[in-house]
Amino acid sequence: MSKHIALGVDIGGSGIKGAPVDLRTGELTEDRYRIPTPQPSTPDAVARTVAEVIARFEPSRKMSVGVTFPGVIQDGIVKTAANVDDQWIGTNLRQIIRDYAGHDVVVLNDADAAGYGEFKYGAAHERDGSILLTTLGTGIGTALIVDGTLVLNTEFGHSEIDGVEAEEYAAESSRERHNLSMDEWIVHLQRYYSEMEKLLWPDLIIVGGGVSKHSKEFLPKLRLRAPIVPAELLNQAGIVGAAAHAHHVHQRNADAAKAAEKKAKKHRH
Ligand code: BGC
């Protein structure tokens with residue numbers, strides 16, 4: 001496969017999906033492959049399934065592979081698990097996937113991947129300024145991109161509004177959980193996004209997650225300073241963003257290694 005291709009894998013509550021991505025366009029180069037998320041979704045079972053998805057596309061040793069996870073990830077390690085089993089906390093996800101897949105991977109938060117995807121190829125295409133992406137699903141995921149730099153692991157879905165975590169009433173799942181009509185839910189959305197504006201002053205807000213398909217029903221009703229627009233990559237954002245971010249990380253590491261070598265050479269002379 002060409003050097004313009006990276007593989008993205010998205011770990012979700014119901015499915016683990018992956019596909020190769022053309023990094024020049026952000027398009028999938030093959031149909032995505034989906035395996036239902038194993039139940040119980042233990043780290044081992046999930047990592048084994050991710051490895052199966054990766055194997056399907058037979059990536060070359062050099063190909064970048066990015067994998068998303070719905071929690072905070074630092075140095076490949078899962079730090080939070082708001083909507084998945086607590087036993088995930090402390091798991092070295094990068095390591096166990098590498099063990100099962102025999103291939104190195106970059107792991108990152110699911111909303112960070114979606115935000116990066118929208119920045120590279122979607123609703124915020126290479127825009128400067130401060131861009132806030134929110135995914136409204138079971139929880140609320142957020143990604144903050146400032147002048148092209150993804151600020152990893154923002155968790156603004158857990159900011160408190162009237163002493164309650166925002167995702168309790170503004171995530172998509174809250175509509176069913178609290179039996180909210182569309183208008184009632186919009187009141188919660190308005191409060192949430194107003195709070196985000198007060199704290200972050202983004203230049204653009206993007207709304208992703210399954211609900212972005214129905215954005216016409218609620219986005220025009222929100223009153224905000226910044227433009228608020230639906231995500232464009234829809235359910236591919238995670239895969240595309242994971243692939244692009246993995247490529248970016250490898251590129252950055254390779255550049256840093258080259259610079260260090262050059263410096264060392266200079267010192268020797
Ligand atoms: C988690 C985030 C995640 C989001 C969407 C939240 O509950 O804390 O890390 O990005 O759900 O899956």
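Report follows, based on the coordinates. (Residues numbered from 1 in each chain as written. Predicted model: local features only at pLDDT ≥ 70, side-chain atom pairs only at ≥ 80, totals over all residues. Heavy atoms only, no water.)

**Some thoughts on the site of the ligand**
Around the ligand, the neighbouring residues are P70, G71, A82, N83, N109, D110, A111, I140, G141, E155, H158 and E167. Between the ligand and E155, the relevant distance is 2.6 Å, taken from an oxygen atom to a side-chain nitrogen or oxygen of the residue. At a separation of 3.0 Å, an oxygen atom of the ligand approaches a polar side-chain atom of E167. In the complex, the protein chains occlude 92% of the 310 Å² of accessible area that the ligand would expose alone. Within the residue set of the shell around the ligand, elements represented by two or more residues are helix 3 (110-121) and strand 10 (140-146). Class assignment of the residues belonging to the shell around the ligand gives a composition of four nonpolar, five polar and three charged. Here the shell around the ligand gathers at least three residues from each of two domains, domain 1 (5-109) and domain 2 (123-231). (Near = heavy atom within 4 Å. Polar contact = N/O pair within 3.5 Å; in protein donor to acceptor, adjacent residues only side chain to side chain. Areas by Shrake-Rupley, 256 points an atom, 1.4 Å probe, with all protein chains shown as cover. Helix = DSSP H or I, 4+ residues; strand = E, 2+ residues; numbered from the N terminus. Nonpolar A, V, L, I, M, F, W, Y, C, P; charged D, E, K, R; others polar. Domains from an automatic or database assignment.)

**Section: the pairing of strand 1 (residues 5-11)**
Strand residues, when the strand is regular, have side chains that alternate between the two faces of the sheet. Of all seven residues in strand 1, seven are buried, a share of seventy percent or more. Across the two faces of strand 1 the burial is the same, with I5, L7, V9 and I11 and A6, G8 and D10 all buried. Direction of pairing for strand 1 relative to strand 2 (residues 15-22): antiparallel, over a ladder of seven bridges. Residue pairing across strands places D10 opposite K17, the latter belonging to strand 2. In textbook terms, the turn of a hairpin is the stretch between consecutive antiparallel strands, and for strand 1 and strand 2 this stretch comprises three residues. Alignment of strand 1 against strand 5 (residues 65-69), held across four bridges, turns out to be parallel. By the bridge assignment, V9 is partnered in strand 5 with V67. (Buried < 20%, exposed > 50% of the residue type's maximum accessible area, 1.4 Å probe, protein only. Pairing = 2+ DSSP bridges.)

**Re the environment of Y193**
With respect to the element layout, Y193 can be found in helix 6 (residues 182-200). In this structure Y193 touches T134, L136, I205, V207, L222, L224 and I228, once residues within four positions along its chain are discounted. (Contact = heavy atoms within 4.5 Å.)

**Remarks on the pattern of salt bridges**
Here the structure, examined in full by the defined rule, presents ten salt bridges. Across the pair D104 and R94 runs a salt bridge, and its minimum N-O distance is 3.1 Å. Placement of D104 in the loop between helix 2 (93-101) and strand 8 (106-109) and of R94 in helix 2 is noted, with a sequence separation of ten residues between them. The exposure class assigned to D104 is partly exposed, which follows from its relative accessible area of 29%. For R94, a relative accessible area of 30% translates into the label partly exposed. In this structure, D162 engages R191 in a salt bridge whose closest nitrogen and oxygen atoms are separated by 2.7 Å. Here R191 lies in helix 6 and D162 lies in the loop between strand 12 (160-161) and strand 13 (164-165), a separation of 29 residues in the sequence. Residue D162 is classed as exposed on the basis of its relative accessible area, which comes to 60%. If you follow the salt bridges from partner to partner, you end up with R94, R98 and D104 in one network. (Salt bridge = Lys/Arg side-chain N within 4 Å of Asp/Glu carboxyl O.)

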